[in-house]
Amino acid sequence: HTTFYLSLNAFLLGALAVTRRTHPLPPALRDSVIVFLVGLGICAGVLVAGLFWGLFRRLHAVGHRLRWWGEKTEERANRYLALDADIRRYFAEDKRRFWLSTAFNFAAWWLGTLEVWWAARLLGIPMDLGQAWLFEALIQTIRIVTFFIPASVGAQEGGIVFLFTQMGLPTPAGLALALLRRAREILWMGVGLLLWFFLREEKKDA
């Protein structure tokens, strides 16, 4: 999750910086995105600080004082101490893996940009690569903000149509892109479920 937040921050900042002059956002939308970025950066910073601080050990201490754990508190405390130590060791000794994970996350966001650009071309929507980057960054912002809605159903579609309106693009084309994107998600979910079903059956037979 730490590398996820860091890469998303970089992805959003890059989109805003690259398109600042070519595709300026309306002031209200731009300010909202900046507030989101600040909040996302604070969350990432707090998460990293908490992991170095010994987050799980301290959570266990709070639970012990409030009598959440019941018996075997010493065994559980040792597990949490070991977990905190493993996390600190990872950040200290596996920095290369950490930054590689961040880079791969960033590459995954960029694949989403290429998908938006390609889908827009198929639908005949006038969208260049920079605008597609900005669009994908804003859609991911909407998905993070609406995390409490399962799969952002409705929020994602409404957000895409709203962004098309703000960017001066045709609204019907935005709705078509939203439906195409949702169809792609359903397709890949179906493929994943089928693979899970067959792999489970093979494991039972073995």
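Up top is the structure.
Reference entry: report on the structure contained in this document.

The rules behind the values
- Residues numbered from 1 in each chain as written.
- Predicted model: local features only at pLDDT ≥ 70, side-chain atom pairs only at ≥ 80, totals over all residues.
- Heavy atoms only, no water.
- Helix = DSSP H or I, 4+ residues; strand = E, 2+ residues; numbered from the N terminus.
- Buried < 20%, exposed > 50% of the residue type's maximum accessible area, 1.4 Å probe, protein only.
- Core = buried A, V, L, I, M, F, W, Y, C linked by side-chain atoms within 4.5 Å.
- Contact = heavy atoms within 4.5 Å.
- Salt bridge = Lys/Arg side-chain N within 4 Å of Asp/Glu carboxyl O.

In this section: the environment of Val46. Topologically, Val46 is positioned in helix 2 (residues 27-53). Residue Val46 is classed as exposed on the basis of its relative accessible area of 54%. Along the sequence, Val46 and Thr2 sit 44 residues apart, while their C-alpha atoms lie 10.0 Å from each other.

Our focus in this paragraph is the nonpolar core. Of all hydrophobic cores here, the largest spans 32 residues; its most connected members are Leu12, Ile125, Met127, Phe135, Leu138, Leu163 and Phe164. Elements with a contribution of two residues or more to this core: helix 1 (2-18), helix 2, helix 5 (95-122), helix 6 (129-145), helix 7 (155-166) and helix 8 (171-205). Ranked by the residues each element gives to this core, the list is headed by helix 6, at eight residues. When residues no more than four places from it in sequence are discounted, the contact partners of Leu12 are Phe36, Leu37, Leu40, Ala137, Leu138 and Thr141.

Inspection of every chain in the model, using the stated rule, returns seven salt bridges. One salt bridge connects Asp31 with Arg30, and the closest N-O pair in it is separated by 3.4 Å. A relative accessible area of 39% means that Asp31 is categorised as partly exposed. Here Arg30 falls in the partly exposed class, since its relative accessible area comes to 38%. Between Glu157 and Arg182 there is a salt bridge, with its nearest N and O atoms 2.6 Å apart. With Glu157 in helix 7 and Arg182 in helix 8, this residue pair connects regions lying 25 residues apart in the sequence. Taken together, the shared-partner salt bridges connect Glu115, Glu136, Arg181 and Arg184 into one network.

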